[in-house]
Structure formats: structure tokens, C-alpha cells
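Breakdown of the fold
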Amino acid sequence: MASNRLPPDAGTRPTPGMILDRLARGATRAERITHTEHLPPRIGSHADWPEQIRPEVIAAIHSAGIERPWAHQARTSEHALRGESVVVATGTASGKSLAYLAPVLSTLLDGSEAPNGRGATALYLAPTKALAADQRRAVRDIAAPLGSAIRPAVYDGDTPVEEREWVRQYGNYVLTNPDMLHRGILPAHHRWSSFLRALRYVVIDECHSYRGVFGSHVAQVIRRLRRICARYGSDPVFLLASATAAEPAEAATRLTGLPVVEITEDTSPRGELVFALWEPPLTELHGEQGAPVRRTATAETADLLTDLAVQGVRTVAFVRSRRGAELIALISQERLAEVDRSLPARVAAYRGGYLPEERRALERALHNGDLLGLAATTALELGVDVSGLDAVVIAGYPGTRASLWQQAGRAGRSGQGALAILVARDDPLDTFLVHHPEALFDQPVESTVLDPDNPYVLAPHLCAAAAEIPLTEADFPLFGPATAGLMPQLEAAGLLRRRARAWHWTRRERAADLADIRGQGGSPVQIVEAGTGRLLGTVDAGAAHTTVHDGAVHLHQGRTYVVKHLDLEDDVALVEEANPPYSTTARDTTAISILETDTEIPWGDARLCFGSVEVTNQVVSFLRRKLITGEVLGETKLDLPPRTLRTRAVWWTVTEDQLDAARVNPEQLGGALHAAEHASIGMLPLFATCDRWDIGGVSVPLHPDTLLPTVFVYDGHPGGAGFAERAFHTAADWLTATRQAIASCECDAGCPSCIQSPKCGNGNDPLHKRGAIRLLGELLRGAAEAPKAPDDAEAPKEPGDAPGA
């Protein structure tokens, strides 16, 4: 929980500018900084707690060293106490936890004095177990003076069986996650009846993380919770906390199904932030089609972490993968040993898969200065308090501006100045951002994209709801407009049976098991060590073909394995421990057909469309790449069956006249479309809260359904995730940025920084950089004169590119 106080040593540390100047010494280093943004310090603004907050709670907060709340904390509490659902969307370390805890603790304290019954209760939802455990410690610390009136308890898959009954009967602040709510609490609501009957508040922390298909599932889980609460006579107020986000009230309303008030003005103090954009240099190596290759963000980040540790600067380097975190820590340790034998022990890795006590020890060591550097995955991004940092290095754009600011905000958490550095990967979006800083610093963060009405998401939750309490037509408005149309389909499939006025779940298996809220459906593939039969873990069925195919390199808890055989009939991948000097990347081919066009907008002679498509995808090979340089060592063919996906897509077509105007001849057309498709997929995360691996595309010089040159970008999830819809409604800005990204790249014929894709099934051939620039220019010329896409909703691919190409 963020403190409202400054640390005693805040004035003794080197300034962020001084730290950056030391890093930039030398001509080659200085050239790598493409932009430096200086965000001035901000003075905090206090207010008084609402009168309804119990004096005992205010005294407990005083005991924690917080004299008065920031104004946004007080405003959040006021709305909560008035019974209004509210989302507080302010910066990292702005005290969001205290904003919702004060009214919750006050209400629980009121309830503890009730003459009968158990008193008021509250439910806390976190996206991760680690965050829930952190919050329990924070609640215990701040509520300690209140005695047994506040009884916080974690209820998740790790809670011992003997403790679970106590939590149900006596816990009045229960901390859990959406997975446990979906599988453990709602199906057993009769055992939770006294808790649910008294439920006054539901806290949803880090709510910006509930996006895409996962967010759509969580939205339906919350609707099921509200329905059961109504049955027991309660109507809880929802308190949501989010990193800074665009339109947080709209996103929170879509998540909860309730009107939500937003608090977005951050009134907490902030130290100076110096934010540098850093582009690694070109190397002597060449990639596919002879394209130049930049030094990897991994190697560059390891150098920066080493230099910062030598300066005594406490730093976290955020890395996208577990293996990357381990690799950066290892490289840094080796280089620090050459400087001082005592320094390697002061740098470590931090990622998911570590034991809780290992993570806590690392957090303590970083906090007290024993550790100077940590290479961490996003396991450290969500809410874990590691105040006292001087710098953050971000190895590659994390996918959204919201995540970027979340990670950058980990430094300077107690109000002191901080340095943040974004190190660009060899990727179209990263390259664009380090050369267009206005896209980061002059733009609001993204809207959170989710679609609770996705039938692939909604249908299993209707079955789960019917198993909890039989469904009636009165429930339809709660679950959304698609509900009525799905009920006959669920009846016909034998999943639900109608008796009188209600639909019942009549099968023996658990209805909640139909919805895998973090996966893509299908039985997960078990990863088994061949020599011992030990189960290492699982992978979603939808990802198995690309991640655990024969020959794939698989990382588990710091150890590296190679897949010896993927058995699709038994859903098992057999692996053996190994230490290959390479990573693997699957390649696939993709074809697409249009099922239905929902919306079509003319862009001059071109057409911009959105609708439903069927994608047929087949993994055909994998590449082996050197760990540090990314250099391709070879390609191995695979024989895996094709898979089909019904999803949502945005697509655009151009005419022969437009091709002539763009001076794109038939020999260049396939390469121009293909290049535009790759780059547009790489750029979409700037406009929708997705990762490039969540989306795919296809580009075809003559598509059989449109009879025109066509580029598609589609959601890589059954039924869609809202990303393609967002692309449709921001298409002019999205494709303008795509053209700029290609045009501004310094390469001659295309490279990984602009039009090459790491997953292209055609080996990035054909590609035509200049043709793509001219083609997109002609397309956008028509867009400038065309009506805009509607504001209320949220280029592209050659047969051979799959989700994330």
C-alpha cells in the first residue's frame, strides 16, 4: 500500500538526469537515446475523510503514518459510502488501496457491532494470487488496531481444506481471484449463504487487466455473482481500482453491468520522472531476405542493468518472458563479476514460478538495498509494493500504454525522482514509438477492450448460472442481449432443459467446467517429463500447436526442456530436459473466408469492413534462433492437422484504379499487401489493449469472397475478443500510424523493425516496402474524404501468417 509520506533519504539520491547522463557517456551510447521526456514533479492535494468513516478507522490510518488522505482518496470513499459503484483510475502508487479500504473497513466495523448475525462482509478480487496475498498483509497491518472486528482471509486454490470452512463462516474480508469465484464459490453458493447475504462491497483490483477474452469471462462471472447476491437479498457496491485508463467508467460498466462513477484526477504527489526512449544499434548480422538486424533488447537491457548496478542505482528491468528475465540476470551477473566480485550477488531474477517465500525475500532485499537490480516479468507489475527504486528499464514495449506507465511507475514510488528507459525491440511498434514519442507522451492510454456478449464466452456461463439457480427470462437482461438467442441452442445441444418457466442444468458434470476463463477452450495439453512421468504443467489447447510441437523449446521454473513428442489424441507433450543454445518459433499458414459482413464503409473506391470470418490455420514448421542475437539457425518442417476458428475481423479492399494510382503493379501487389498486413498487426496494440500475439491476419491479391485485393486482421480467439472491432473504429488513425512506421524505418527493403514478422509462414516473402507505403497512402486518401466509423465500438496477411504474425 502506497504511503503518503516521503522517505527520509529522498534528497540524498542522484537525480534521474544524473543517472541518465552517466549511462549515455560515449558517442555510441548517446546516439541510442532517441528522445527524453521530462515530467515535472507534482505537489499533492489533501482533503478530509468523509464524516461517515469511523473515527477508529481514521485512527488506524494515522497509526500507519498517514495524517490525511489525498483528495481523490476522499472522493472515492464518499461515493462508496453513498452506495455508488466507483472506479479510481489514477497513477501507480497514488494510494488506490486506501481509497477503497477506508469505507470498507468502516462498514465492516459497523457490522461487527450488529446485535444479530455475522455483520457486513466484503469480497476482494485480484487477477493473481500474489496480489491477493500482498493485500491481505496490507489489510492486516492497517486494521491491526481494530482487533478482531476485521478478519481478512485469502480463499484460493492454495487455501488448506481445514481453513476453508473457517473462511466461509467467519471471514468478513475475503480475498480471492476470478478463477476461484467462478469454480469454487459460485457453484457452492449455498455454503457461502451467510457471507453473500451480508455482502456490502466487492473490490475489483487492477481491473484494467480484465481485457479481451479473459475480461469477457470475468464480466460474466461478476454477473453470476450479482444474480446470486440478489437471491440472498444483497446488492453490493462495486469498488474498482485501475491503472490510468481511457474511459475507465465505461470499461468498469461493461465489466460489472452497473453504472460506475469514475475518479481520474490524481492528487498524490509525484517526483520528477525522466523517461528515455532507447534504440539498440544495428549489428553486422543479417536476417531473412538479407534484412539488417538490431542488437536485441535483451542484450541491451542486460548492459543497462549492469551499469546501473555499478552506479548503485536500485533498478527493476521488466522483461516479457520468464526466460528473458533469467537471461538478463545471468548476463548482468557475469559482467558485474568482472567489476567487483561482491556485485553479482546483488542482481537477481524475479518471475512467476518461484515459491512465495522466494518472492517475498527478493522483494525485501530490493526494498532494503541488499539487491541493486532485479530482472522481472510482469509478475512484479501488478500491485506488489517495492518502493525505494531509482530506475526502471523496460525491455520492449509491453503492449499497452497502460502497462508501460504501470511499469514505469514502480520507480519513485515514495515521491522521489525516478528514471525510466524503454528499450526498443526489433519490431514495427517499438521502432515507431521510439521515433514518434508523441504517440506515448501526448496520447491518453487505451480503452480496455472486452466483449461480454461473445457467444463463445456467454454460453458456458449461462449453463453455469443455470446450475447455480435455474434461469428464467427475468435473468436475460442481466446477462445481455445475446442471451435469448442462445437459450434454444443450449437446449438443442442437451446442455439445458426447460421445465415450466425455468431452464435447468441436468447433467452430472460440473457446469462451471465448461468455461475456461483464462484459456481458449478445449482440453489443456499436459506437459510431462518423459523420463520420470512428472507433470510439469499445462498449456491451453489453442496454443499447443505453436508452443509444444515436436522440437519446441519449453521453459519451466528456470529449466529448459525440448519437446520430444506432442500426442494430440491424449493431449500430452513429452519433454526432456536440455540446454539448447537457441529458442524456437512456430510458423503457420492461414486462409480465411467471410461468413457475414456486419458493417461496410466506403473509403473512396476502397471498402473498410467488419464482420464474422472463418480462419483455417496450420502450423507447418518452426525456426531455431540464437538466444542473444535472434539469428536464424535453421527451419524444421512439421506435420500437424489444420484447425478452424470462427471469429471477428476487420478487412479492407482496394480497386484496380487505386492500384494504378498507387503505382503498384501486379508483380509488387502480393508483397505490398503482405508488408502492409505485417505492419498493421504490429501497430494495432497501440490502439487496442491487445498483444500482437492475440491477433492474426491474411492478405490476398484476389480474395474469392471480395474478388478484390484484400487485407484481413482478425481476433485470435473464438467469437472474437473486441480487438478487430476496435481496429475498425480507429482504422484511419491505426493505418496512418502503420504507414508512418513503414516510411520512417531507415532500412531499404524491409526489416523486423517495419514489415518483417517473426511468425510469417512464408518466410517474409514476398514483401515490398515501397509498394506498401504507396498503397496505404492511396487507401488513406480515400479515408480522409469518407464518413468515419461509428464511435461506439472498439494491415494485414498473406496465406501463411497466423495469430501474431
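The shown structure was predicted, so the numbers you read here are calculated from the model rather than taken from an experiment. (Residues numbered from 1 in each chain as written. Predicted model: local features only at pLDDT ≥ 70, side-chain atom pairs only at ≥ 80, totals over all residues. Heavy atoms only, no water.)

**Describing the sheet that holds strand 6 (residues 199–204)**
Pairing is parallel across the open sheet formed by seven strands, whose spatial order is 4-5-3-6-7-2-8. Sheet topology places strand 4 (152–154) and strand 8 (261–263) at the edges, where each strand pairs with a single neighbour. Geometrically, the sheet is characterised by an average inter-axis angle of 20° between neighbouring strands, direction not taken into account. Where strand 6 and strand 7 (residues 237–242) come together, four bridges link them in parallel fashion. Residue pairing in the sheet places Val-203 in a bridge with Leu-239 of strand 7. (Pairing = 2+ DSSP bridges. Helix = DSSP H or I, 4+ residues; strand = E, 2+ residues; numbered from the N terminus. Axes fitted to C-alpha atoms, helices over the stretch in contact; angles between N-to-C directions.)

**What to know about the pattern of salt bridges**
Counted according to the given criterion, the structure contains 30 salt bridges. Put simply, Asp-134 and Arg-137 hold a salt bridge, and the shortest N to O gap is 2.3 Å. Taken together, the positions of Asp-134 and Arg-137, both in helix 6 (residues 129–143) and three residues apart, correspond to about one turn of that helix. By relative accessible area, which is 13% here, Asp-134 ends up buried. (Salt bridge = Lys/Arg side-chain N within 4 Å of Asp/Glu carboxyl O. Buried < 20%, exposed > 50% of the residue type's maximum accessible area, 1.4 Å probe, protein only.)

**Things to note about the sheet that holds strand 12 (residues 315–318)**
Sheet strands line up and pair through hydrogen bonds in the backbone, either parallel or antiparallel. One open sheet accounts for seven strands, arranged 1-9-16-15-12-14-13; its pairing is mixed. Strands at the two margins of the open sheet, each flanked by one partner only, are strand 1 (33–39) and strand 13 (347–350). On average, each strand axis in the sheet is tilted by 15° relative to the strand beside it, whichever way the strands run. Here strand 12 pairs with strand 15 (residues 391–395) via four bridges, running parallel. The partner of Phe-318 across the bridge, within strand 15, is Ile-394.

**Description of helix 6**
With 15 residues, helix 6 should cover 21 Å at 1.5 Å per step; its first-to-last C-alpha distance of 21 Å lies within 8% of that length. Regarding helix 6, its N-cap is Thr-128, as a side-chain oxygen of that residue lies 3.2 Å from the backbone nitrogen of Leu-131 further along. (Expected span 1.5 Å × (residues − 1). Polar contact = N/O pair within 3.5 Å; in protein donor to acceptor, adjacent residues only side chain to side chain.)

**Concerning the side chain of Arg-224**
The residue Arg-224 is located in helix 10 (residues 212–231) in this model. A polar contact is formed between the side chain of Arg-224 and the side chain of His-182, at a distance of 2.9 Å. Reaching out from Arg-224, the side chain makes a polar contact with the side chain of Glu-468 at a distance of 2.6 Å. With residues near it in sequence (within four places) discarded, Arg-224 still touches His-182, Leu-186, His-461, Ala-464, Ala-465, Glu-468 and Phe-479. (Contact = heavy atoms within 4.5 Å.)

**Some points on the environment of Arg-151**
Note that Arg-151 resides in the loop between helix 6 and strand 4. Relative accessible area serves as the criterion here: at 23%, Arg-151 is assigned to the partly exposed category. Placed 23 residues apart in sequence, Arg-151 and Val-174 show a C-alpha to C-alpha distance of 8.2 Å.

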